[in-house]
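Notes for the structure review
Chain by chain, the residues run as shown.
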Amino acid sequence: MQSTKVSTPAKMRAADIAYDAIESMIVTLQLKPGAPIVESELIEITGLGRTPLREALMRMSSNGLIVQLPRRGLIVKDIEAAEHVTLIETRRVIEKLIASSAARRATPQLRQDIAACGEKMVAAANHGKLDDFMTADQALDHVVHEACRNPSAVAAVIPLIIKCRRFWYAYQHEGDMHEAARCHMLLAKGIADGNEEAAARGADNLMDYLESYTRKVING
């Protein structure tokens, strides 16, 4: 497995760095569903100590990314497509709240940043660059979450977003980057324009796409 050691700001807690590194491995399927969590291997890969690693794993357990099984220890949770539909139902409600709040509360600079992230997603889709697409998607989430100024909604939606991102990596052959980028751009434009109704509608359209994509995976 490839090392994920990275240079990070000193102010970041070691447990947060460990969480980000392991989450990335799970989301991008470097750690596959059903794979055992081996602490010694993760310490070697991340270059971090046992205490921050264990704190990160506890957070992942509470977020549903890993589970503890009798006689097997900690493993990466399987991807259950049918369960993913209800996840999107829940995410839809929160995303509409976040989008409308961001449209109302974003600063001028954040509105520019949000529009730019949407444009980067469209450009990545046009060039067929999945990694750039996912990076821009994550950047859009971060700036929208900052703009909405609702930490409770953000805390609730982040575990759902992580699972959706992993689902996309697992079933990307069934996805349509162009349609996904179009939906994200509608969301970004509504927020950037300060139009609460358009922003909520953009979030709704995005969830419609994710639900149809999930059902396509389920139906084979």
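This brings us to the overall build of the protein chain. Helices and strands together make up the secondary structure of the protein chain, namely nine helices and two strands. Put simply, the protein chain runs from its N terminus to its C terminus through helices and strands in the order α-α-α-β-β-α-α-α-α-α-α. In terms of overall size, the protein chain behaves like a compact globule, its C-alpha atoms giving a radius of gyration of 18 Å where 220 residues would be expected to give roughly 17 Å. Its C-alpha atoms put the protein chain at 50 × 45 × 35 Å along the principal axes. Across the 220 residues that make up the protein chain, the buried fraction comes to 48%. For the protein chain, contacts bridging at least 24 residues in sequence account for 75% of all contacts bridging at least 6. Surface summary for the protein chain: the accessible area is close to 11200 Å², and the carbon and sulfur share equals 52%. On the protein chain, the mean spot of the 27 positive side-chain charges and the mean spot of the 28 negative ones are 3 Å from each other.

Moving on: the environment of Arg149. Relative to the helices and strands, Arg149 resides in the loop between helix 6 (130-148) and helix 7 (151-170). Considered as a pair, Arg149 and Arg50 are 99 residues apart in the sequence and their alpha carbons are 34 Å apart. A polar contact of 2.7 Å, which involves the side chain of Arg149, links it to the backbone oxygen of Arg105.

Residues Ile22, Leu42, Phe133 and Trp168 are the most contacted members of the largest nonpolar core, which totals 70 residues. Those residues in contact with Leu42, other than ones at most four positions away along the chain, are Ile22, Met25, Leu31, Ile37, Gly47, Leu53 and Leu57.

The next subject is the pairing of strand 2 (residues 73-76). Sheet topology places strand 1 (residues 66-69) next to strand 2; four bridges connect them, and they run antiparallel. Along strand 2, the bridge assignment pairs Gln68 with Leu74.

Within the secondary structure layout, Thr28 lies in the loop between helix 1 (14-27) and helix 2 (39-46). For the pair Thr28 and Glu197, spaced 169 residues apart in the sequence, the C-alpha separation amounts to 33 Å.

Our focus in this paragraph is the pattern of salt bridges. Counting across every chain of the model gives 19 salt bridges. Lys77 is the partner of Glu80 in a salt bridge, and the nearest nitrogen-oxygen pair spans 3.8 Å. On the basis of relative accessible area, Lys77 is assigned to the buried category, the value being 17%. Between Glu211 and Arg92 there is a salt bridge, and its shortest N-O distance comes to 3.2 Å. Of this pair, Glu211 sits in helix 9 (residues 196-218) while Arg92 sits in helix 4 (residues 81-105), and the two are 119 residues apart along the sequence. Given the relative accessible area of 17%, Arg92 is considered buried. By sharing partners, the salt bridges in this structure join Arg92, Lys96, Asp204, Asp208, Glu211 and Arg215 into a single network.

What counts, and at which threshold
Residues numbered from 1 in each chain as written. Predicted model: local features only at pLDDT ≥ 70, side-chain atom pairs only at ≥ 80, totals over all residues. Heavy atoms only, no water. Helix = DSSP H or I, 4+ residues; strand = E, 2+ residues; numbered from the N terminus. Rg over C-alpha atoms; globule rule 2.2 N^0.38 Å. Buried < 20%, exposed > 50% of the residue type's maximum accessible area, 1.4 Å probe, protein only. Contact = heavy atoms within 4.5 Å. Areas by Shrake-Rupley, 256 points an atom, 1.4 Å probe, with all protein chains shown as cover. Lys, Arg positive; Asp, Glu negative; His and termini not counted. Charge placed at Lys NZ, Arg CZ, Asp CG, Glu CD. Polar contact = N/O pair within 3.5 Å; in protein donor to acceptor, adjacent residues only side chain to side chain. Core = buried A, V, L, I, M, F, W, Y, C linked by side-chain atoms within 4.5 Å. Pairing = 2+ DSSP bridges. Salt bridge = Lys/Arg side-chain N within 4 Å of Asp/Glu carboxyl O.

The values reported here are purely geometric and, on their own, carry no functional implication.
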